[in-house]
Amino acid sequence: MRWWLLAATLWLLVALTVSETPARNRPRNQGSEVHRGKRKRDGHGHGRARAGRSRPMKILLVPGPDIPVEHLPNQGNTLILDSYKNIQEQHSSYNVIPDSDLSLDLSGDSPVPNDPREPVTPLTQEEMQRILWREEEEHREEEERLRKKDEARKQRRKQRKEKAEKQRKIVEERRRAEEEALRLQVEREEEEWRRHVEEEMRRLEEKRRQDEENRRRKEAAEREARERERKLEEERWRQEEKLREELLALVEEEEEEEQPEEEQVWLRGDVFQMPSKEPDEPEEPDLLPVPIPRPPAATEDELEELEEEVEEAEEEEEEEREVVVIENRRGLPPGCDISDVTVTCDNARLTYFPPLAIPELKSLSLEGNNISSIPAEAFNGIPNLEWINLKKNKLSSAGIDAKAFKGLKMLRRLYLDGNLLETVPADLPPTLQELKINENRLREIDKNRFQDMSSLVILELEGNLLSEGNVNPLAFAPLNQLSYLRLGRNHFRTIPQGLPTSLLELYLENNLIEEISETVFNQTHSLNVISLRHNRLDETRIAPLAWINHRNLESIDLSHNDLYLVPSYLPRSLVHLVLVGNKIERIPGFVFAHMEPGLEYLYLSYNKLDGEAIEPESFFGSYHSMVELCLDHNQLISVPSGINEMTNLHFLRLNNNKIRSVPDEGICDPNYSGDSTLVSLRLENNYIDPQKVSPTAFSCVRSSSSVVLKPQKTK
C-alpha cells in the first residue's frame, strides 16, 4: 500500500513537471492572451461573462485505469464540462484536475500527462470546492470591477450630458438674445420707415395743398384780372358816354345862345347828322366843332319831317354803336375770346359756324357747341389756320361741304372727335399731319379716302363702327409717313390688313380680335409698340412667326385677354411685356431665353399663378436685364425662384398673394458683391409674420423704408 502511494506521488510530480515545462517556455503575453481568450469565450469557462452570466469551469480530465484514451470526449484541444457533478454522473472513473493553464493534448496517441507511468493524484471534494470558491471570488471581483467601471462610464456620460445641456442653454439664451435684438432692430427700422412714410405723405400732402392753393390763387388772380379788365372796360365806356353827353350838352348850350329858340329843332337835327366819333377817340371839350349856320325858317310839315329824321338818326346811331362794338371784337360772337392768333369759342352755345375775317389767325377752337354744318366759305376769312378743334359738336357727313377744308393751305391739325360723322371728310388738305375722328359713327373707309395725305403722321379713329369688312386693305397705302395709328373701341376680329410700312405704334384696344396671323406684320418692320388690351386672344391663336423676328418691336400689351400661359415666340427685341388681368397659370421655362438684350419690364398682376406656376428656368435669359417685375394679386405661396439672380432689379411687387415666409436667399443673393439695386419691394397682404423675417433677406434693398410688409392677412 505504501509502495503504491509512493509511486502515485512520484508519477504526479513527474506529470506536473512535464506539464509546467511547455508553460514556462511559452511567452507570457501569449499565454495570458490565450488564457484571457479562453475565459472570455462563452460556454467554455467556469467563470462569469462581463454581462454577469456564470461561465462554466474549465477542468482537465485524466482517464482512470479502466477507460481508454480514445473514449475521451474531444472538444478540440480542451475538455469542457459544465459542472463537477455532471462529470461524476457521466464518468465516475475520470480523475479531475482543475487547472486553467493545463490542456489535454489529444492530437497524438498518448494522453496528458506525457508519461502514463507517472501517478495522478485525484483532487478531493474540499480542494475542488475551494477551487470553485476561488474562481467564484475572482468572478465577483471582476464583476465588481466591471460594475465600478460601468458606473464611472455612466458618471462621465452624465457629466458630458450635463455639460452639453449647459452649453445648449447658453446657446439658446444667446439665440434668444440675438432674436430679441433683431426684433428690436426690425421694430426700430419699421418705426423709422413708418415715420419716413408719414413724413413723405405729409410732405406730399403739404405740396399738394400748396399746389392747390397756388392754383386757386392763380385762378383767383386771373378772375380778378378779368374782372378788373371788365370793370375798366365798363368804366372807359361810361367815361366815353359821359364825355359824349357832356360834349353834346355843351354844343346845344352854345347853339342855344347863338340862335333863336324856334330854331332849336334844326340845331338838334344837325347835331345827330354830324359824323360820329370813334369810341376809342373821345371828344375833348376844347375840340368843339364849328357852329352850324342857322337854317331858314321851317313850316309845320317840315318840322314833322325833321322829327322823323331825328328818330331815324337815333336808330342809325344805335346801329353804328353796335357795329363799333363788333369791329372792336373783330366780329367774334358772344362767348368767344381772342388771344394773339388764337380764337377760342368753347361751350359758347353756337349753332352755326361763325363768319370770321382774321387773316392772321392760326388756331380756332369751337369745342362743345351745337354746330351741325360747315359751309364751303366758312374758312375764307381765315385761310392761314394751322389748328382747328371741332370736338363735341353735331357735325354730320352731309353737313360738311366737300370744299369746306380745301382752301386751308397751312392746316396741320384737325380734331373732329365726338360728332356724328359716318365717313372721313373728303378733300382734306394735303398738309394735314394729325387727324382725330374718335367717338363718331364711321362705317367705312374706302381706298381713296386718304389719297394725297402723305404728310399724315397721327391718325385716330377710335370708338367707331369699323371692322375688317368695311376697311379697304388699300385704305392706308397712301399714308407713307404714318407713325401713330389708333383703332381702339371698334369691331375688328383680326388685325387690319395693309398697315403702313412706316408705322411705329399701333393701338387696337377693346376690339374682338381672336387671332394674330403670320403675315399681318410682315411689312411693318419699324413697328415699336403694339397694344391689344381687352380682346379675345389666347396663346394658341398667336402664330409662331407672327412677330418673333421683329428687331424693333419693344413693347407689347396683351392685358385682359384669355391667355392661360405666357405666350411663346415673343419678339427677340422685346423689352416691355404687359400681361395683366389674364388667366395665366404658368410661366414656361426658357420662354424669355431668346430675347436680346433681354426683357426689362414684366407685368403679370391679376392672374392665377400659384405654387407650381413658376419653374426654375422661367426667368432664364432675363436675370441681368429685368428692371421691373410685378407678380401681385396672384396665388403664389412662396417667393418664386430666380428672383435672387436678377442683378439689375429695381421694382418688385409680390403683394396680395399667399406667401407665408421670405427665405434669406429668396430675394437677395448673399454671395452677390455688387451694389444694391432694389429700390422698391412690396410684400403686403400676404401671410408673412414680419418678426420671423431675417433682415438679411432684404440685404439687396437700398433702404429699409422701401420694403412694404404691412398690413398682412390673418390666417
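Here the structure is a predicted model, which is why all the values come from computation and not from measurement.

**Description of the overall build of the chain**
- Helix and strand counts for the chain stand at six helices and 19 strands.
- In the chain, once contacts between residues fewer than 6 apart in sequence are set aside, the share between residues at least 24 apart is 57%.
- Carbon and sulfur atoms make up 48% of the accessible area of the chain, which amounts to about 42600 Å² in all.

**A look at the packing of aromatic side chains**
- Across all of its chains, the model carries eight aromatic pairs by this definition.
- Ring geometry for Trp387 and Tyr415: centres 6.0 Å apart, planes at 80°, overall edge-to-face. In this pair, Trp387 is assigned in strand E6 (residues 387-389) and Tyr415 in strand E7 (residues 413-415), connecting sequence segments 28 residues apart.
- Accessibility expressed as a relative area gives 18% for Trp387, which makes it buried.
- Both rings, one in Tyr484 and one in Tyr507, keep their centres 5.4 Å apart while their planes meet at 45°; by these two values the pair is tilted. One end of the pair, Tyr484, is in strand E10 (residues 484-486); the other, Tyr507, is in strand E11 (residues 505-507), and 23 residues separate them in sequence.
- Accessibility expressed as a relative area gives 15% for Tyr507, which makes it buried.
- Connected via pairs of aromatic rings, a cluster forms that spans Phe353, Phe379 and Phe405.
- Over the face of the ring belonging to Tyr507 we find Arg486, whose NZ or CZ atom lies 4.3 Å from the ring centre.

**Some details on the nonpolar core**
- By size, the foremost hydrophobic cluster in this structure holds 113 residues, and its most contacted members are Leu435, Trp547, Phe592 and Phe698.
- Once you skip the residues sitting within four places of it in the chain, Leu435 turns out to touch Leu414, Val424, Leu428, Phe450, Met453, Leu456, Ile458, Leu459 and Glu460.

**Quick notes on the state of the cysteines**
- For the structure shown, the criterion picks out two disulfides.
- The partner cysteine of Cys336 in its disulfide is Cys345, sulfur to sulfur 2.0 Å. Judged by the sign of its S-S torsion, about 125°, the bond between Cys336 and Cys345 is right-handed.
- Cysteine pairing for the chain, with bonded cysteines counted in sequence order: 1-2, 3-4.

**Digging into a positive patch on the surface**
- The grouping of Lys149, Lys154, Arg156, Arg157 and Arg160 at the surface amounts to a positive patch.
- What makes Arg156 partly exposed here is its relative accessible area of 43%.

**Here we look at the environment of Leu506**
- Relative to the elements of secondary structure, Leu506 occurs in strand E11.
- Spatially, the C-alpha atoms of Leu506 and Ser483 are 8.4 Å apart, while their sequence positions differ by 23 residues.

**Quick word on the confidence of the model for the chain**
- Taken over all residues, the pLDDT of the chain has a mean of 78, while the share at 70 or more is 73%.
- Every residue in residues 27-112 scores below 50 in pLDDT, and together they form 123 contacts with partners more than four places removed in sequence or on other chains.
- pLDDT under 50 marks residues 259-300. Its contacts with residues more than four places away, or in other chains, come to 54 contacts.

**A short note on the pattern of salt bridges**
- Within this structure, the stated rule accounts for 38 salt bridges.
- Of the charged contacts in the structure, one is a salt bridge between Arg217 and Glu213, with a shortest N-O distance of 3.3 Å. With a gap of four residues between them, Arg217 and Glu213 both fall in helix H4 (residues 125-258), about one helical turn apart.
- A relative accessible area of 53% places Arg217 in the exposed class.

**Overview of the side chain of Ser467**
- If you trace the backbone, Ser467 turns up in the loop between strand E9 (458-460) and E10.
- Those residues in contact with Ser467, other than ones at most four positions away along the chain, are His491 and Phe492.

**Observations concerning unusual backbone geometry**
- A cis amide bond, omega 5°, links Glu596 with the succeeding residue Pro597.
- You can see Pro597 is positioned in the loop between strand E14 (576-578) and strand E15 (601-603).
- Omega for the peptide link from Lys710 to Pro711 comes to 0°, which places this bond in the cis form.
- With respect to the secondary-structure elements, Pro711 resides in the segment after strand E19 (707-708).
- Although it is not a glycine, Asn685 sits at a positive phi angle of roughly 60°.
- Note on Asn685: relative accessible area 24%, which makes it partly exposed.

**Considering the environment of Asn685**
- If you trace the backbone, Asn685 turns up in the loop between strand E18 (680-682) and E19.
- C-alpha separation for the pair Asn685 and Leu709, spaced 24 residues apart in sequence, amounts to 7.9 Å.
- Contacts of Asn685, omitting those with residues within four sequence positions, involve Asn656, Asn657, Pro711, Gln712 and Lys713.

**A word on the side chain of Asn464**
- Assignment of secondary structure puts Asn464 in the loop between E9 and E10.
- A distance of 3.2 Å separates a polar atom in the side chain of Asn464 from the backbone nitrogen of Asn440.
- Not counting residues within four places of it along the chain, the set of residues in contact with Asn464 comprises Ile437, Asn438, Glu439, Asn440, Arg441, Leu442, Arg489, Asn490 and His491.

**Description of a nonpolar patch on the surface**
- Taken together, Leu6, Leu10, Leu13 and Leu16 make up a surface patch of nonpolar side chains, about 380 Å² in accessible area.
- Along the polypeptide, Leu10 turns up in helix H1 (residues 2-25).

**A few points about the environment of Arg660**
- For Arg660, the position within the fold is in the loop between strand E17 (651-653) and E18.
- With a relative accessible area of 47%, Arg660 lands in the partly exposed category.
- A sequence separation of 27 residues divides Arg660 from Tyr687, and the C-alpha atoms of the two residues are 4.7 Å apart.

The rules behind these values
- Just so you know, the residues in each chain are numbered from 1, in the order the chain's sequence is written.
- Local features in this predicted model are restricted to residues whose pLDDT is 70 or higher, and side-chain atom pairs enter the listing and the counts only when it is 80 or higher, whereas totals over whole chains, interfaces and linings include all residues.
- Neither water nor hydrogens contribute to the side-chain values; these are computed over all heavy atoms in the structure.
- The helix count covers DSSP runs of H or I at least four residues long, the strand count covers runs of E at least two residues long, and both are numbered beginning at the N terminus.
- Contacts between residues were defined by any pair of non-hydrogen atoms, one from each residue, lying within 4.5 Å.
- Shrake-Rupley sampling with a 1.4 Å probe provides the accessible areas, and residues are treated as covered by the protein chains on show and by no other component.
- Any two rings among Phe, Tyr and Trp, with Trp reduced to its six-membered ring, count as a pair given centres within 6.5 Å; such a pair is stacked if its planes are under 30 degrees apart, edge-to-face if over 60, and tilted if neither.
- Exposure classes here rest on a 1.4 Å probe applied to the protein chains alone. A residue is buried below 20% of its type maximum, exposed above 50%, and partly exposed in between.
- By the criterion adopted, a ring carries a charge over it if an Arg CZ or a Lys NZ lies within 6 Å of its centre and within 35 degrees of its normal.
- Only buried residues count toward a nonpolar core. Its members are Ala, Val, Leu, Ile, Met, Phe, Trp, Tyr and Cys residues joined through side-chain atoms within 4.5 Å.
- To count as a disulfide, a pair of cysteine sulfur atoms needs to be within 2.5 Å.
- Two distance rules govern patches: like charges are joined within 9 Å, and nonpolar side chains (Val, Leu, Ile, Met, Phe, Trp, Tyr) within 5 Å, applied only to residues with over 30% relative accessible area and no salt bridge.
- Only one rule defines a salt bridge in this text: a Lys or Arg side-chain nitrogen within 4 Å of an Asp or Glu carboxyl oxygen.
- Two residue types count as positive, namely Lys and Arg, and two as negative, namely Asp and Glu; His and chain ends fall outside the count.
- Every charge is mapped to an atom, namely NZ of Lys, CZ of Arg, CG of Asp or CD of Glu.
- As a per-residue measure, pLDDT reflects the predictor's confidence and takes values from 0 up to 100.
- Two N or O atoms count as a polar contact when they lie within 3.5 Å, although within protein this holds only if one can serve as hydrogen donor and the other as acceptor, and sequence-adjacent residues are included solely when both atoms are side-chain atoms.

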